[in-house]
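# Observations on the three-dimensional arrangement
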Amino acid sequence: MDVPLWQGKKHAYCVVIPVINEGGRIRNLLKRMQFCQIAAIADIIIVDGGSTDGSMDLESLKQLDVNGLVVKKGPGKLSAQLRCAYAFALDQGYAGIVTIDGNDKDDPDAIPQFIGALKDGVDFVQASRFISGGIAENTPKSRDFAIRFIHAPALSLSSGFKWTDTTQGFRAYSRKMLLDPLIGIFRNVFQEYELLAYLSHRVPQLKYRCMEIASVRRYPKGEVPTKISAFRGNLKVLQTLVRSCLGKYNV
């Protein structure tokens with residue numbers, strides 16, 4: 001990975017945003033984070049998978065309170081991006097990491113709650129649009145069904161923790177959990193979308209403190225901003241779910 005922007009560690013916690021060609025969506029998210037004054041409590045670090053749309057202009061990012069930009073140079077998709085970001089953040093000494101997708105579907109005003117949970121000793125925080133106080137707006141019906149009745153129940157059964165919303169990347173992790181060799185997040189097996197399902201399966205098994213926080217997740221009308229293709233991508237997600245639940249990624 002390359003690090004074309006780094007303004008130094010200012011807080012104990014950071015917010016990691018994975019992106020690739022998010023265009024105006026990442027700018028909108030960063031503006032919303034500015035409104036919520038997130039930079040006053042956490043460092044904002046973007047991890048880019050190779051954007052070519054001009055959205056990673058360094059001066060623009062600095063004006064939007066971005067503290068660091070990490071660019072993945074090796075192969076892989078989301079899991080490889082996240083491994084780059086986790087490695088960089090842990091090297092800087094952060095006590096915990098919040099992740100939020102760069103496609104502007106999540107409401108960043110929940111970030112202080114995530115950091116508060118980490119400070120209280122929670123090791124894994126998952127946003128959920130499906131618990132009391134959460135909002136799921138314009139979620140495609142097929143995706144809503146798959147999350148509620150396949151993905152979350154399967155990971156709940158395999159992990160022993162009651163999950164309700166397991167496919168989104170709005171999460172938080174403690175430093176202790178990320179460094180646990182029994183979890184082993186830096187293995188090369190995590191290249192595409194394996195890491196998110198695996199952590200939902202494995203972390204509760206190892207008796208780490210987990211919780212869900214109500215959140216808002218809004219899909220734009222008539223559009224599904226995702227890098228997962230309709231058939232092949234969703235089949236891969238299902239295969240990854242099965243492998244995770246069967247412990248195939250366990251150390």
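Below: a short report on this structure. (Residues numbered from 1 in each chain as written. Predicted model: local features only at pLDDT ≥ 70, side-chain atom pairs only at ≥ 80, totals over all residues. Heavy atoms only, no water.)

## Considering the sheet that holds strand β9 (residues 210-214)
Across the sheet, which stays open at both edges, the eight strands sit in the order β1-β4-β3-β2-β5-β8-β6-β9 with mixed pairing between neighbours. Bordering the open sheet on either side are β1 (2-6) and β9, each of which pairs with just one other strand. The sheet shows a mean angle of 20° between the axes of neighbouring strands, direction not considered. Summarising the sheet, strand β6 (residues 124-128) and β9 pair through five bridges and their orientation is parallel. Across the sheet, residue Q126 finds its bridge partner in β9, namely E212. (Pairing = 2+ DSSP bridges. Helix = DSSP H or I, 4+ residues; strand = E, 2+ residues; numbered from the N terminus. Axes fitted to C-alpha atoms, helices over the stretch in contact; angles between N-to-C directions.)

## Considerations on the pattern of salt bridges
Close approach of charged atoms allows side chains of opposite charge to pair. Taken as a whole, this structure holds 11 salt bridges when the rule is applied. Across the salt bridge formed by D144 and R148, the nearest N and O atoms sit 2.9 Å from each other. Taken together, the residues span about one helical turn, with D144 and R148 both in helix α5 (residues 141-159) at a distance of four residues. A residue is classified by how much of its surface remains accessible, and R148, at 38% relative accessible area, is partly exposed. In this structure, K236 and E192 form a salt bridge, with 4.0 Å as the shortest nitrogen-oxygen distance. (Salt bridge = Lys/Arg side-chain N within 4 Å of Asp/Glu carboxyl O. Buried < 20%, exposed > 50% of the residue type's maximum accessible area, 1.4 Å probe, protein only.)

## Section: unusual backbone geometry
Although it is not a glycine, N138 sits at a positive phi angle of roughly 60°. N138 sits in the partly exposed class, given a relative accessible area of 36%. If you check the backbone angles, K207 has positive phi at about 70° while not being a glycine. Secondary-structure assignment places K207 in the loop between α7 (194-205) and β9. Judged by its relative accessible area of 73%, K207 is exposed.

## Notes on the environment of L196
Topologically, L196 is positioned in helix α7. The exposure class of L196 is buried, given its relative accessible area of 11%. Taking the C-alpha atoms as reference, L196 lies 9.5 Å from R171; in sequence the two are 25 residues apart. If near-sequence neighbours (up to four positions away) are discounted, L196 is found in contact with L78, L82, T167, G169, R171 and Y173. (Contact = heavy atoms within 4.5 Å.)

## Here's the deal with the pairing of strand β2 (residues 13-19)
Of all seven residues in β2, seven are buried; the element is thus mostly enclosed. Along β2, one buried face is formed by Y13, V15, I17 and V19 and the opposite face, lined by C14, V16 and P18, is buried too. Inspection of the sheet shows β2 paired to strand β3 (residues 43-48) by six bridges, in the parallel sense. Within the sheet, the bridge partner assigned to V15 lies in β3 and is I44.

## Some points on the environment of V71
Tracing the chain through its elements places V71 in strand β4 (residues 68-71). Expressed as a C-alpha distance, the spacing of V71 and Q34, which sit 37 residues apart in the sequence, is 22 Å. With residues near it in sequence (within four places) discarded, V71 still touches M1, D2, P4 and D48.

## Quick notes on empty space enclosed by the protein
Gaps left between atoms are located by rolling a probe of water-molecule size over the structure's atoms. As enumerated under the stated definition, the model contains one cavity of 30 Å³ or more in all. What lines the largest cavity is simply P18, L78, L82, T99, D101, G169 and L196. For the lining of the largest cavity, a count of residues per class yields four nonpolar, two polar and one charged. (1 Å grid on protein atoms, 1.4 Å probe; cavity = no way out; pocket = protein on both sides within 12 Å on 5 of 7 lines; lining within 4 Å. Points joined across faces, edges and corners; volume = space filled by probe spheres on them. Nonpolar A, V, L, I, M, F, W, Y, C, P; charged D, E, K, R; others polar.)

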